[in-house]
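# Close look at the chain arrangement
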Amino acid sequence: MVTTTFPTKLGLSVSPFIQKRVHPTLLTSAKSLYSCKKFNPTVLSLIKAQVSSIFPTKPLNYLQDSIFFNSNSSQGMLGKVLVVLLVAGLACAFPALLPPPPRICGSPGGPTVTGPRIKLRDGRHLAYKEHGVPKETAKYKVVYAHSFGSTRYESAIAPLETLEELGAYVVSFDRPGYGESDPHPKRTIRTTALDMEELADQLGLGPKFYVMGFSMGGHSVWGCLKYIPNRLAGAALVAPVVNYWWPGFPANLSKEGYNLQLPQDQWALRVAHYAPWLVYWWNTQKWFPCNSVIAGKFKMSPPDLEVASRSAKHANEIQKLKEYAVKQGVFQSLHRDMMVGFGKWDFDPMDIKNLFPNGEGSVHLWHGDEDWVVPVILQRYIAERLPWIHYHEIPNAGHLLIHDPAMKEVIWKTFLTGKKEQTVHS
């Protein structure tokens, strides 16, 4: 049972219920607020900071004038109790909004490091995995960015025999906060592009290299096209996720694409864009449906259902990789991805100029016409705005098109050799 809190001559008697749930700093401040004859500026600042997010300036000033400076009156006494209760209520809510600190890999009590990592200039670590032929003899060197909720072990990477046939070396990496790569609390599209550049440099990939990104990893490729264009030999975007708030989209088109999303995803994207400080709470609370991809219940088209059914035999392995992806916490991985990807960007991809006007390289974009995760109508518009991109719209393919073995081979061979391969679904 919750006991009632009453003011007494000795001060404020606080129930065990509130003591257990209110942050100690705010509880101490609330007690101080009640007991002091003159309000401590520090306490007042704390109260104003918390209340100002709820009350406009004028009511807050009125509250301050009528309650804070009439502490000897019965009105002031009642006001003190009300403010204490307000602070206690806010304090009870705040822990649910604040994500727990990440469990850094390799730190005391944190997950163990199981694979190779590089140390970046800012001290963070980036975990990576090498695939294909040795980089010293490779004809093509690719840095690969994985999708949402995935890792450097993503199966979208071409199988060894295909990479050997192409003479290709691929390095995949856990994007910051995923797997065994340290979180980056100030992560942006730009910082991930620079991480990819530094990874390539530390591994000795040479002055130019290729980049590829699938789904949410496409954001990293757009970042490379913007921030390190002089380092690229070529780029590939496979079913890249779009940001509905990119200025280049006509309002009616972005609205049409947005409305094709599940209602729960529309809300999750709104929160990520307009109230990123709520992303953790929104996707962990139990009152409303959270993002469908996080919940593992995203809208799958018939082609995606077919691809997923073929992966069912690997369910245990897939589950282990999902757990590995978020072993440092969901906030700095999944939630940070949403905040960065659907927040305000520093550039509009549709303003990017042709990186290879003389044909010395190429940029490709693949998308399935039955992708129910990322509406194809928006990729078509991007292709119209950026005619120098080689746009491949695949009929009867969904968001998981690169997980179709035959399609995967087509994408990798076309991307690296420039020769159009016949599209065949397995």
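Starting afresh in each chain, residues are numbered from 1 along the sequence in its written order. Selection of residues for local features in this predicted model requires a pLDDT of at least 70, selection of side-chain atom pairs for listing and counting requires 80 or more, and totals for whole chains, interfaces and linings are taken over all residues. The basis for the side-chain values is all heavy atoms of the structure; hydrogens and waters are excluded.

Per an unreviewed UniProt entry, the protein carries the name AB hydrolase-1 domain-containing protein and comes from Datura stramonium.

## A word on the pairing of strand E4 (residues 125-132)
What makes two strands pair is DSSP finding at least two bridges between them. Labels follow the DSSP assignment, with helices taken as runs of H or I lasting at least four residues and strands as runs of E lasting at least two, numbered in each case from the N terminus. Sheet topology places strand E3 (residues 117-119) next to E4; three bridges connect them, and they run antiparallel. Bridge pairing links Arg117 to Ala127 in E4. Here E3 folds back onto E4 in antiparallel fashion, the turn holding five residues, of which Gly123 has a positive phi close to 95 degrees. The pairing of E4 with strand E6 (residues 168-173) spans five bridges and is antiparallel. From the neighbouring strand, Tyr128 faces E6, where its bridge partner is Phe173.

## Overview of the pattern of salt bridges
By salt bridge we mean one thing: a side-chain nitrogen of Lys or Arg within 4 Å of a carboxyl oxygen of Asp or Glu. Taken as a whole and assessed by the stated rule, the structure comprises 18 salt bridges. Residues Arg124 and Asp195 are paired through a salt bridge, measuring 2.9 Å at the closest nitrogen-oxygen approach. Of this pair, Arg124 sits in the loop between E3 and E4 while Asp195 is found in helix H7 (residues 189-202), placing the two residues 71 residues apart along the sequence. Here Arg187 and Asp337 are joined by a salt bridge, their closest N and O atoms 2.9 Å apart. With Arg187 in the loop between E6 and H7 and Asp337 in helix H14 (residues 331-341), this pair connects stretches of sequence that are 150 residues apart. Comparing Arg187 with Asp337 shows no difference in burial state: the two are buried. The network of salt bridges with common partners includes Arg152, Asp174, Glu180 and Lys327. In this scheme, a residue with accessible area under 20% of its type's maximum is buried, one over 50% is exposed, and one in between is partly exposed, where area comes from a 1.4 Å probe on protein chains only.

## Describing the environment of Thr114
Summarising the element assignment, Thr114 is placed in the loop between helix H5 (74-97) and E3. Owing to a relative accessible area of 55%, Thr114 belongs among the exposed residues under this scheme. In sequence terms Thr114 and Gly179 are 65 residues apart; their C-alpha atoms lie 10.0 Å from each other. In this description, contact between two residues means that some pair of their heavy atoms is separated by no more than 4.5 Å. Residues within four places of Thr114 in sequence aside, it is in contact with Arg152 and Glu180. Side chain to side chain, Thr114 and Glu180 meet in a polar contact 2.5 Å long. Pairs of N or O atoms are called polar contacts if they sit within 3.5 Å, as long as, within protein, a hydrogen donor faces a hydrogen acceptor (for residues adjacent in sequence, only side-chain-to-side-chain pairs).

## Remarks on empty space enclosed by the protein
Here a cavity denotes a set of grid points, spaced 1 Å apart and computed over the protein atoms alone, in which a 1.4 Å probe fits but from which it cannot get out, and a pocket denotes an open set meeting protein on both sides within 12 Å along at least five of seven lines; residues with an atom within 4 Å of a point are reported as lining. Grid points are joined across faces, edges and corners, and a volume is the space filled by probe spheres set on the points. Taken as a whole and assessed by the stated rule, the structure comprises two cavities of 30 Å³ or more. By volume, the second largest cavity amounts to about 90 Å³. Taken together, Arg175, Arg187, Thr188, Ile189, Thr192, Met216, His219, Ser220, Asp337, Val340 and Gly341 make up the lining of the second largest cavity. For the lining of the second largest cavity, the secondary structure elements donating two or more residues are H7, helix H8 (218-227) and H14. Element by element, the count of residues in the lining of the second largest cavity is highest for H14, at three residues. Residue classes in the lining of the second largest cavity are distributed as three nonpolar, five polar and three charged. Note on residue classes: Ala, Val, Leu, Ile, Met, Phe, Trp, Tyr, Cys and Pro are nonpolar, Asp, Glu, Lys and Arg are charged, and everything else, Gly too, is polar.

## Regarding the pairing of strand E10 (residues 390-394)
As paired elements, strand E9 (residues 363-368) and E10 share five bridges and run parallel to each other. If you follow His364 over to E10, its bridge partner there is His390. This β-α-β element, E9 to helix H15 (residues 376-385) to E10, shows right-handed connectivity. By definition, the crossover connecting two strands over a helix is right-handed if that path, from the first strand to the second, turns clockwise as seen with the strands pointing away from the viewer.

## Overview of helix H10 (residues 263-274)
Residues that lie three or four places apart on an α-helix share one face, since the helix turns once every 3.6 residues. Helices are assigned an expected span. That span is 1.5 Å times one less than the residue count. The first and last C-alpha atoms of H10 sit 16 Å apart over twelve residues, in line with the 16 Å expected at 1.5 Å per residue. For H10, the complete set of buried residues consists of Asp265, Gln266, Ala268, Leu269, Val271, Ala272 and His273. Residues of H10 that are buried in the fold lie against helix H9 (251-259), helix H11 (279-282) and H14.

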